[in-house]
Each structure stands twice: as C-alpha cells, then as structure tokens.
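Spelled out, the chains give:
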Amino acid sequence: MGNNEMNSTIGVYKWRERRLLFTARLPGFGFYDCSFSSSDNSFGICGKDLMHFWTRAESHEPYRHCRGSTNLFPPQLQMTSIACVDDAVVTGSTSGALWLWEGRVLVKRVEVFRFPITKLFASSAGLFVSTQDGTIHLLSKALALQQRLDPFSHSDNHDIETLCWDTNREKLLVGDSSNCLREMGLNSGSKFVMGCHSTCHSALTDFTVDNLNDNIITVGEDGFVRKWDIDARVILQQHNLERGLSCIAYNQGADQVAVGFCKSDNCCSSDKTDVAFVILCGNDLTNIIHHGHNSQKTLTLCKFSNDGKLVAFGAKDCSIYIHSTDKDFPLVTKARGHSAPILTFDFGCADDSPDSASFIRSNSINGEAMYWSTHARKQTPLSQRHTRWESQSCVYGWFLEGAHDLYAEENSIAEENIQENSTYITSCCPLSDRSIVVGDSSGRLRVLPNPALSKDTVFLQFTSHHGKVQKILQCGDSLYTLGSDDSCLCMWKVSSLSWPPTMHPSLYDDHVIIDEKKEDQHLSVSLELATAQLEDLDFSISHAAKTSSTHKPLRPWIRSLVPPSNYTNTAGSLPDGRLVLERIHGYNGHNAKNNLHYISSEESIVYSVGKTLVRYDEEGDTQHFCSVEGRINCLAIHQERSLCAIGQEDADQGIVIVDLKTMNYMSLCKSTAKGIQCLDFDESGRHLLALGGNRLTIHDVDNEVMIASTLSHATETLDVRFTSKANTLVEVGRNFVRLWFIKGSDMRFEEVDMSTVQNVSCLGTFQCRFVVVTFCSQSNALLFLSHQPTTFYTCVGWIGNDVIVGASTGDLIRFAGATPISKIKAHTSKITNISSVAGGRLAISAANSIKLYDSKCRCIIAVDTEVLGVRHQISSLSWHADTRKILIGTEGNEVWELSSEDGSNINDGPLVSAHTSSPMAISAHPNGTTFATVADDGFLRVWNDENTSLDLAMPSRACAYSPDGRMLAVGFGKPIKDTAKTINGKWVIIDVSGSSYCIIVERRDSRKFIREMKWYSNGDRLAVGSDKIYVYQLASETNPALKVDISLLSTIDMASPPIHFDFSKDGKYLRVNSEANELMWFEADPAIRISEASLMKDTEWESDTCVFDWNVQGTHHPEGPNVMSLDCYTEDCSSVVTGGDDGMLRMYSYPCTSTRSNYLSYVGHDGVVTSVTILKGGSHVISAGDDHAIMIWRHEIDDNYGDRLLSERQESSVIDAVDATDICCTALYDSVDQIIFPTSGVCVVMDAKRSTQNLFQRHNSQIGAVATSSSRQLVASGDSCSDFPAKIWIWDPQTCTEIASLSDSRLRGVSTLAFSPDEKRLACVSSDENHRIFVWTAINGNWNNAYLSAYSLGGHEKISFVQFTQTQLITGGRNSLNFWSFDPNLSVSKGVVSTQSQDDTLLCGAMVGDTLLTGTSKGSFVTWDLTEKKIVGEVKAHNSSVTSLLACPEGIVSGSSDGLVTLWVWSSEALEKKRSFDVGTTSAIHSLDICPHSNGQSTMKILAVSDSTCFEISCVTGRVTKAAKIPTAGEESTC
C-alpha cells in the first residue's frame, strides 16, 4: 500500500512470481493498515475516519471497490489497524475500541481499552492487540480478553509498531518505535533480538570495526557509544556522552576510539572551547583519554592513519583537521579549500616512506576531489599517481569513472521518463584487487570490476537500505553497510567472483538485462555464459553466526579434565581392529536423481545412500558397497559392460566409474562441472554424458579424458540423454527441448519450438512447424523465448529410435528425429521418471502413480501406489522387463518392488527402508544382536530378524533399552514443533518382551523435547535429559503382565541442556556433557553438582558415550571435524568409534588422550553422523546420519591381539643409525643402466660407460626418497624437509626433465616412495610423527592429471618399507605389518604372526611372484600368505639383520647389516643360497637394485649402497667395483 497526501494506491502482488495482479488509486489519503480477509478474494484498508473493501467472486475476476458503512462511527474516529479473525474483520481505533465488521457493514463495538490501539495481529493463538502504553493484549477468537503482556521494562516507553506470531515456536515478535525487535513467549518475559540506538527518533550515525576482537562500535544521535559482539549481536559495553555523536574511528594499535560530536546548524556560538571530539579507551568506553577542540560545526567523519600517528576529522565547515596522536592530541594543521562539507578522505603513503602517512585525498558532498600533504599543502593529481593509498573510500576518482558515467546515463533516462530524483554514488569499498562495491543514494549496492572505467561494465546489484548508503566497510569475508536514512547496519557475506572482460549484459537483482540498442542480435556472449560466470557469487545478508566449519566451538570442557591416578602416557597407535560395512538400511530418495537401477544380467539392484553405492543381491539377501568421497547426486548404468558412473556434488571429486561385479573403482573422469546432476552412457558404454552446474561434458571412459564440453541452456536443465543415433543427445528443461549433434569435440544444437505442441490433441499425430533458432556453436548462441505458460520438460526416454519427453503437464511428447509427432496425456500431474526397456515399452511415473505403455503408446497397466501403502512421492523408477518387476524409489527413502503384470507389491512391504527423517537415536539391546531406532518421522523401528516397526505418532530423538531388554524407554519432541500432536517432554516405557508392543508407562515432567535417556544397570533407575536431567526410581514386577511403578528421584538443573550422560558403575553419579560443550559431574540422588573434577578422576563408568571426557579427548582435533557422537568398547580390544560432522566414522585405540593418536577413518554417511552405538560384545557398530541411513559395521578384531609381532624394545644399532640421518642412501638403475642417486638436493643420473653426469635440480631441500617405476622409465623423488609441505617430482631419467609434481598440505617430508606394478599409482610415506600414507593415481597413466586417491595415518612407528601388490598396499616397520585395501580410502588389516616372531622387526620386503617375503632384524626371511595375512614360513638367512630385499630373475637378492649381499634361488619348495658377495665394508646395505640379462633369466649386475658408497657387483665374475660416492651435504660426488 502506497500512502502520501497527494496520491495513495493499493496493489496486490503474487509475490512468489513477483507479478502485480491488481492496483487501484485510493480515494482520499491517510491510510494506516491493510489486510486480506478470510481468503485472497477480499481485503480491506483502514485510515482516517474511513474503511474501504475490495472483493471479487472468482480468482480470475478483478477486484471491486466498496466503501465501509460507518454509521456507528463517533466523530473524528480513526481506524489504526485491521485484522481477520476466522471469517470476521476486526479493526482497532484511536479511541481504544475494537470494532467488528460483517462484509462492509460495521455491526458493533467489541472491546474498549484505555489507550489508543496501535496494531492488531491475528494468529492461531488468538488476536494480539497492542496499545499506545506499550501493552499487548491477547484476545480469544471470540474476542474475550485472555492475557496481558508487557514487552518493555518500566523505564522504557515506546510505541509498538508491528507484531508477528510464530506458531511453531510459540513466540511473539514485537517491533517498536525505537528500531528494536523483541521476542517473547506467552509465559515468559521479552528477549532482546536486535536493534541499535534505542532512543525514540534517534539515528545511528556511524560505526567502525575492531578486526582483532570481532566487535563493532557504533555511535548515534542519542549520545551513546556502544560496542557489539558481531556473532552474538549483543551489547558488550556502552557509554552515554550526553550529546549527539556524528562519527567514530578505531585505532587498532593503540586501542583508542575517536568520537566526533554533532552541533546545531543554527548555532552561532563562537566558543572555541566547546568540545568537538573525544578519545576513548577501546577496552573501557567509559574511560575518556582526551577532550579535543577543532571545528565549531558538526564533524562529518574521522579516520586514523594505519601507523596510528595521525587522526583526521572532516567537518561541515568544509575543512579537514589533522591531529597528532601524541600526548594531548595536538592539532597539526587544518586543510581548507573545499566549498562544501567533507564527504570522505583517505590517507596515502609515499614510495620512500611506505609505512608513514604523507598525503590525504578528500571528497566533498559537491563532488570535489582534492589532494593534500599531511601538512595541509595542496597537491596536484599528477603528483599523486604513484601514492599508495591506505584505503579506497573516496567515491570521486579515476577508478570509478565508468560507474559515474553509468549513473549519469541512468539519470538521463529517468528524466526522460519524468522521474524526479536522480541517483548518485555515496560510498565505496574495494572487495579485492579486482572488485569494488559502491553504495548509492537509493540504498542500492553494486559490485563492479575494480577499476570500473566503462559505463558498459558488468555489475551485480543488491537492495537493502532505504535511502542513502552512508558507509561501507569490509572485515574478512564480511561486509558492513550503514544507511543514513534508515539507521540500519547490515552485515553481508562476500565470496569471490571472476569478471569476464568481454561480458556485456548488466544484472539487476539476478535478472539479465540485454542492451536493446544493439542491432546485431547475436551478442558476443550468451545468456548461458553470463549466468555461468555469476553463479559462484554468494552475496547474501548473513543473519547467522559463523558456522562451526569455520570456527571450532569453545571448549570449556578442557578445563574439567583431570588424569586418573593410574594414567600412563600411550603412543596412540592404530586400533587393533577395523570396521567393515556389512549392511545399510535406507535409500537416498530425497536429494538424488536417477539413483535406482536393475542390473539386467543378474537378480540385483543398484542404488545410492549417503556417500555409498550399494549393490543388493536379492537371491542371497546380501549387499556389496563402494564408497566415494562426496555426496552421490545421480547414477548411470551400462548393462552390457556392467559399469556404474557416480556423479558427485563437488566438481573436484570427479565422476567415478565402478565395476558392478567387483564393486571396485575402474577409473575417474575429471569434470569441470559443479555438482553433477545427470549422467548417461551411450550404447557402446565408451562415452559418458554429464550435466553439472551449467555445463554439458562428454567423457571417454576407457581413456579417462573429457572429449567435449559446452554450456547448457540458460534456464533450468532437468534431464539430458544420449539418443539411439550415434553422436546425438537430447536436453530438456524449463520451456525448451534441444537436440545436440557431436562431431569430434564440437557440439552444436537445434532448438525446437515447443509452443506448437500445445495445439495438438491427445493421441493425434500432426505436422509441427519446426523452427530452428540458430545452428551455431553453443558459446555464441542466445535464445529469446516467447511469453508462454511455463512448462517443465522433466525427463527423457525412448520408444525404438523415437525420443519420448515427459512434461510437467502430465503429457508425453514423441519425436521422430527432430520433429514432435504426437502428444499423449499420461498423467494428471508432473511426469517425474521414464524407464525405457527393449521392445519399445515404457514405465512412466508421476507423484503417486505408475503407468506402463507398449510400443504403440497404449497403456498396459496403471498402478496407484498409495493403495499399496506407499506414503511418499516417487523419486526414481526402473523396469526390469525380463523378470517382470518394477522398482520405485520414494522421497521417503524407501525402495518398493512391484509386479509389472498386475501392479501388486512383491514383498510384504518396502524392499529397502529406514526412517524418513533425521536425526535418529539408537539403542542397543542387551542380547548383542538387536537394536532400536527412533527419529522425527514418529516411528520406532526394532532391527533384528523381523525388523518390527511401530507408529508412535510423535517425533522422537531418544530411546534406551532396559538392562534386561524387556522394556524400551522412548522420549518425544523436537526443537520446533510442526504439529499440535507433538508433546515435547513426554516419554513412555514400552513393553518389548513380546511380539505385541504396548505402552506401560507415560510421563511428562518437562515442556522441552527429550534429548537423551539412560538406564542404570540394575534397572531401578532411569535418567531422562531434556532442558534438565530427571532421575527416576523404578520398580517392576510381572504378575501376570509387566508392571512398572515410577517416581521422580531428583531433578538436575543445568544452565545448558544435556546432550550426553553416563551412570557410574555404583549408580551414585552422572557424568554429563552439555550443549555448551561443558563436562560436569552430579550426584544422581540429591542432584548436587561436584565441582572438583579431581574427586571423579578414578570413578568407573558403566558406559562411555560422552564426547567430552579425559579418555576420549584425543578424538577432538583442533583443525578437524567436530565429534558429534561416539561409543567406546572397553573389553578385550578396547577402541573408540566417533561420528563427525563430516560424515566419517573414525576408530581409535581406547583410551585416546592425545590429538596425535592414529586412527582409521571410514566413509559412508553424507552429512552429520548423529549417533554411533557399539552392540554389546563389540561385534558390530551401528551408525546413523543426516542422510537418513542406518549403517551396520562389522567390528573385526585382529587375531594377533595380545600377541604382538614386535616389541617396544630398541633394535640393533644399524636401525638407530638409519633413523638418525635424513640422508637418502639409495642408488637405482634406469632403463639404459644409468645409475640414479640423490645428493645435496639434486638427483644425479650417471652414465658409467661414458663417465658423464646429468642432474635433476627441481628440489628445494635434501631428498628424502627416490623410486623408479617397473619399466625404469619414470623416477619419483621427494623432499625430506618437514618445515613446509613437501613436493614429489615425477621425472624422466633420460632427459632429467620434469613430468609432474605432486603435493599436499599435510605432507611433511618424504621418507619412502613406491610405484605400483602398473605404474598408475605412487605410494608415499611422510616422515612426520604419524607417518602419513598418501597414494596418488595417474588418470590413464598420465601423471600430469594425477590426483590424491587415498590417504591415512600410518602409525607412530617408523615405516621401513612400502610394497604394492595387485590389489593392496603393504607397509612394514617397527611393531607393524599392515595390509591396506582401497575402498576408496585406505582401510587396514594387521598381519597375523607367530609367537616365535614376537621380538623381530620387519626392515624390508619384496614380492616374489604372489608371495610376500620380509626381512627381519634377526636375520630371517619370513614368507606371508596374502589371503590369510599370516606367516607361512621362516628361514634363517643372515647372521645379522636383513636390511634390504629385492626380487630378481633367480629369486631374491638380500643385503645385511654386516655389508654382505646374497643371491638366492627361490622356489615354492625351498630357498637356496646361490652366491654371496662382500662389498668390503662393515656398514649395512641400505639399498639394492639389479641389471637383469637381456633374456630375463638371470642377473647381470647388482647395485648396492653401503657406507655412502655405491658398489656395482658382477654376478658373472663376482667382481665388486666402486661405482660412485654418494656424498653428504657439501661434498661432491665422484665417478
């Protein structure tokens, strides 16, 4: 409603579509309020002594005006507010009376209040009425007074101007004339929500930011200086200076605040002693450091120089006053020259004194730009061209020349359209070196390139303020803007934006505006490209505090940690068990597309849940898994090749190709698209089509390369598929259907004019007038759509060679080539999926129905899924014609299997199901095999052989089995109630001892939802956590039915709600974690808090589910994810399993007291892991997440637990000597028998025959490890320095040229490198204390496109060797022999050893055929079975430690710590020594390499390194020669 004295108007908008439906000029003026009546077909307005109503009979008809009949009105009565209560219209008046209307007739006066009514608001709670005395009255729907509310303290007196009621939260929002918002409940006082300077009619005049402490300091005309906490938005300090304040600045270095005063413009006083500004202490605003004098006029702004030595004030007397910050802040000089008040200024530094402010540039409100020295001498603009300015707040400068031209052009257009007010730039602030944001006099913000030199530049526009944007400041990733007219301070979140230099369109509020003056309609850049370039910008107002992903929460629980008396420091080694995913309950039907498929070759289905691909074999009721790094958005299946393509949310994670038979990775297709939405294989299975963000990409699956890429349609694309014709695909979406033609890497499209399809009758064929808009490359195409009703073409299928497209109108449109030939009315609602099978048959789904069609588009069968019990809409569809089965996935995360013959449900219920919402709570049954879950969907599910489900009709977030398993306690509620049936705080006990579950106890002692429940092991106590903890005493008996008597034992009051708690073993105490991250202890019976943490340090606890405690403190990594849930298994093989907010499970050894502890991580969930529970006995771990999935993990404990392979004792001196040096003592042959060795930060490639050397010199530090590939044509070498992220170089030994470099921020020094046999993987072990393991994979063998495919912590013990097999990675060293599998992250299984090998250390290893051979510190060879992961044989080989092993044609070559090299003949029956060589040193053999004979049957030479010398041994003559000296740093190598 527009309202002024000359022209008042009323308008009705369809606000979701931003469309004006109706507008009319109002008779008269002075209107105060408007409201719809009982429907959208009538509304009324009220004002000065009048009422007006508008009504219409139907929604398509115009509104008709009628004046309210006011015969009962007293003289001079004014209606101030209007509301609709049920079907009645109620108005409030200045007399304090409420008036009831029937139609347009005033029928009676209902209620009278003492003061004038200011606002009415109708809600489900009743009618809220505010009066001028600041009181709010709640009336029933019968308009009877129920309650009075007082939102203000007695000292405040403000008019209430707006009211709003939140039905879900049962809160009332109150806005008053002091620009403040308050929130209050019906039974509680008001809570301050937001505001600034709260004196009525005052204005916020300026602000500054304290970057160091994340505070904002504001001043206003009310005389207050206030310091605000940015995140909490609360006042930290305030001080009243008792005069109006105009400007403020903060000196970070000296912690000083400069504040300028307002002065009356009519003041004629010449008293120069009148205070113009004050300097305050930043920590204490009440501490005034100095009173200053300068101008007799109002100070308009102030600013400190960066070095803090100067502070300057701009004033309305057109001068700038520059003060020194020395004692008493003396006036240095006064800069006079402007003809108008100062608008803004910046300090600048000269080249010869970059840290000291020497110049000032200033602007006045008249548009003047002047330059000064800090001694007030005027400077020419030419002399300031090299000045480095400390800020960029001046709006009149060369860098905004194009922006001013843009505003000038807009103002000239406005004058032509007889618009009165012109708009100009009022403030600016650079966002980066490339972007700048400007504010203007209309309250708009515009983001432009920096500098903005052309009026045709691209810009983004955002509207927030009413009137002039006075000031803009940036602090980190936040931007703050101040409006001078609305006194509003806004906080914005900023992200980066790439500005294309040739981009022409300008964008207003996310709409693209094309310059219509252009004669050439084929613009140089397309609408699609414009949208693509701008989609990464997030410039929305930030209303919430910074998330936990940016800042870790406060950790007050750390202060409560006290070590137990028997505490011993542990190394934090890897746990002695591992988790194996065994079963998943659930399916992702709520945020994924096309992720449910049959596999034609077998009775199996494939679907996704969380970050996991699941293959479910119906015959054996088994599941097989493949996990990926990101959330799975969509799947594509190629039946013949048994391939599955997985589209992920993050473009960096790429498209994963999985072999459905083995469920292992086959390849990875890198994609530039952001968020893969759709995938499709062509008929051959070689090419994969991907839609992501705004791009279409085509990939060669076999070669792992992208062969074509182009922009998709500018509007929303919903589906894209290959057609049966080669190199052709179809793209559909909002109001368009496109055909694409591929030739090599070029993609060209034809556009179909779908408006002609609307005129075709159902089942009729017709000749379509086909219009091709353009036939050109996508990058330069622009399509202008005609105005027509929006139709979404949602999905694509085919009948034979004809393409079938489904529409939101329920129509199926059939195409013959590029021509639409028929339209079929398939459903009355939007078609969501099409599943095509051989023979030209189709399965088509809508929201709650499925229809099957034959090749002639005749409906075979129609199925109403709601009749079958499917409660949610269909999200995915798959038809298996051979088995006559149909799969449907629903938005309720269920999979149903139907018969395609009669539409019946093949199973008793859904084939796959879980809860339809999260978070979930889990409770384990004492039998160790059963567990129960509850969630917000209101269902209790008991998971065992029967998988029972019980509808509780209320959301639940807590449950707990009794110790005997006969009872299950369930707590109800959720933070925000969405239905009146939800009773927060209610809890029940259910008898689960029989097959029919029944409630035997109901109780409610709290009005907040139940968060946690826990039984004491005796079964006589139950703790229930809500806003408090309620401890109950229970007594049960069975005579004949189970009966429970319950009484409240104690109530534990807490400042913050409890989230986890545990009973002590004696039942006397409770250990509690709160929502405020506190760790506390209480006596359970008297509910007394135990403040001395040392008193509880030796207490034993029944369970360990608290995430904040001494025994699990190491799971909270300072820069890692937040631990949301955990459980501990403290029996035989003790371990901790945690669930994080990154969706990963982590497994540690128990106790875990160090953040350096090693762990195993497991990918499965997407989102927060809300609950983790270990079943009794430790056989399985159950996890539940925000992805609505329940995952069952088998807990496998190593067979050698308690019988360790290696001891903690110190090993031989040779190992200590190796550990003590960072020098890499390695020499290797390349493919032409050149010798490669590292020295002094370079790799030497020596040709002994020619006595020449070549150097690889890309390393910046000493070299930690060198490895060659199996073909010896690639060399990998890594830095040893741990002070900064190390680099690994892949290079060609023939030319010593770089091929690729690999790095990761977590890689701190390289100790070991190894290539896989196929040369597609490289394993690296870091030299840090956790010995991290990295595995890089080369796409299609090309190391330029290598990516980090796997990562894990390796353990605290040094890893001596790394060895690849065909399927896994093996690491060995002190106290460890680990077998790592790829799935895709590294999961470990420890080797099983005999008791005779307990004291040995594995120093080296080699693969001999399919057998792993390791050398030990006792001089033995140990052979391993790779399948069973255990020792199968042990042979004494050397009298000292075996330090090096290498496979050779004869069998094996070994080196020992006494300098002996031995050649062994290996067979499956025996190990026979062939020959030994003494290199003549007493030092250990550090590395070995061989040069085989050309026939591959024998070894010609052996290369051995000992005592920094490289020896070459002839296996024919036995001669040992020194090939090279491997020097330490500072020495030179010799040949």
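Here we summarise the structure given alongside this text. Remember, it's a predicted structure, so these values are computed and weren't measured experimentally.

**Things to note about the sheet that holds strand 72 (residues 895-899)**
1) Next: Pairing is antiparallel in the open sheet, where three strands are placed in the order 70-71-72. The two strands at the open ends of the sheet, each matched to only one other strand, are strand 70 (874-880) and strand 72. Direction aside, the axes of adjacent strands within the sheet are offset by 20° on average.
2) Next: Two strands pair when backbone bridges link them, and strand 70 and strand 71 (residues 885-890) are joined in this way by six bridges, in the antiparallel orientation. Looking across to strand 71, one finds that His880 is bridged to Lys885.

**Some details on the pattern of salt bridges**
1) Next: Throughout the structure, instances matching the rule amount to 54 salt bridges.
2) Next: The partner of Arg1011 in a salt bridge is Glu1075, and the shortest N-O contact between them spans 3.1 Å. With a gap of 64 residues between them, Arg1011 in the loop between strand 80 (998-1004) and strand 81 (1012-1015) and Glu1075 in the loop between strand 86 (1069-1074) and strand 87 (1079-1083) connect regions that are remote in the sequence.
3) Next: The partner of Glu1012 in a salt bridge is Lys1014, and the shortest N-O contact between them spans 3.8 Å. One exposure class covers both Glu1012 and Lys1014, and it is buried.
4) Next: Each of Glu1012, Lys1014, Asp1062, Arg1071, Asp1104 and Asp1109 takes part in one network of salt bridges that share partners.

**Considering empty space enclosed by the protein**
1) Next: Throughout the structure, instances matching the rule amount to three cavities of 30 Å³ or more.
2) Next: By volume, the largest cavity is sized at about 60 Å³.
3) Next: At the level of elements, strand 32 (357-364) and strand 33 (369-373) are the ones that each hand at least two residues to the lining of the largest cavity.
4) Next: Class assignment for the residues of the lining of the largest cavity results in seven nonpolar, three polar and one charged.

**A short note on the sheet that holds strand 5 (residues 50-55)**
1) Next: Judged by pairing direction, the sheet is antiparallel, and its four strands sit side by side in the order 3-4-5-6 without closing on themselves. Edge positions in the sheet fall to strand 3 (31-36) and strand 6 (64-67), since each has one partner strand and no second. Within this sheet the neighbouring strands show an average axis-to-axis angle of 20°, counted without direction.
2) Next: With four bridges joining them, strand 5 and strand 6 adopt antiparallel strand pairing. From the neighbouring strand, Phe53 faces strand 6, where its bridge partner is Cys66.

**Quick notes on the pairing of strand 95 (residues 1190-1197)**
1) Next: In this sheet, strand 95 lies alongside strand 45 (residues 577-585) in antiparallel orientation, the contact comprising eight bridges. Each bridged residue has a counterpart across the sheet, and for Val580 the counterpart in strand 95 is Arg1194.
2) Next: Where strand 94 (residues 1180-1185) and strand 95 come together, five bridges link them in antiparallel fashion. Bridging from a neighbouring strand, Ile1182 pairs with Ile1192 of strand 95.
3) Next: Between strand 94 and strand 95, which pair antiparallel in sequence order, lie four residues; one of them, His1188, sits at a positive phi of approximately 65°.

**Digging into the environment of Pro789**
1) Next: Tracing the backbone shows Pro789 in the loop between strand 61 (746-751) and strand 62 (793-799).
2) Next: Linking Pro789 and Asn735, residues 54 residues apart in sequence, is a C-alpha distance of 8.4 Å.

**Some thoughts on the environment of Gln1033**
1) Next: Turning to its location among the elements, Gln1033 is positioned in strand 83 (residues 1029-1038).
2) Next: For Gln1033, a relative accessible area of 27% translates into the label partly exposed.
3) Next: Separated by 17 residues in the primary sequence, Gln1033 and Ser1050 place their C-alpha atoms 9.1 Å from one another.
4) Next: Not counting chain neighbours up to four residues away, the residues in contact with Gln1033 comprise Asp1020, Arg1021, Asp1045, Ile1046, Ser1047 and Leu1049.

**Topic: the pairing of strand 9 (residues 97-102)**
1) Next: Taking burial as the measure, the six residues of strand 9 include five buried ones, the bulk of the element.
2) Next: Connecting the antiparallel pair strand 8 (residues 88-93) and strand 9 is a turn made up of three residues, with Gly96 showing a positive phi of about 90°.
3) Next: Judged from the five bridges that link them, strand 9 and strand 10 (residues 105-112) form a sheet pairing that is antiparallel. Pairing of Ala97 across the sheet is with Val112, part of strand 10.
4) Next: Counted between consecutive antiparallel strands, the loop separating strand 9 from strand 10 contains two residues, among which Gly103 sits at a positive phi close to 65°.

Rules behind the numbers
Residues numbered from 1 in each chain as written. Predicted model: local features only at pLDDT ≥ 70, side-chain atom pairs only at ≥ 80, totals over all residues. Heavy atoms only, no water. Pairing = 2+ DSSP bridges. Helix = DSSP H or I, 4+ residues; strand = E, 2+ residues; numbered from the N terminus. Axes fitted to C-alpha atoms, helices over the stretch in contact; angles between N-to-C directions. Salt bridge = Lys/Arg side-chain N within 4 Å of Asp/Glu carboxyl O. Buried < 20%, exposed > 50% of the residue type's maximum accessible area, 1.4 Å probe, protein only. 1 Å grid on protein atoms, 1.4 Å probe; cavity = no way out; pocket = protein on both sides within 12 Å on 5 of 7 lines; lining within 4 Å. Points joined across faces, edges and corners; volume = space filled by probe spheres on them. Nonpolar A, V, L, I, M, F, W, Y, C, P; charged D, E, K, R; others polar. Contact = heavy atoms within 4.5 Å.

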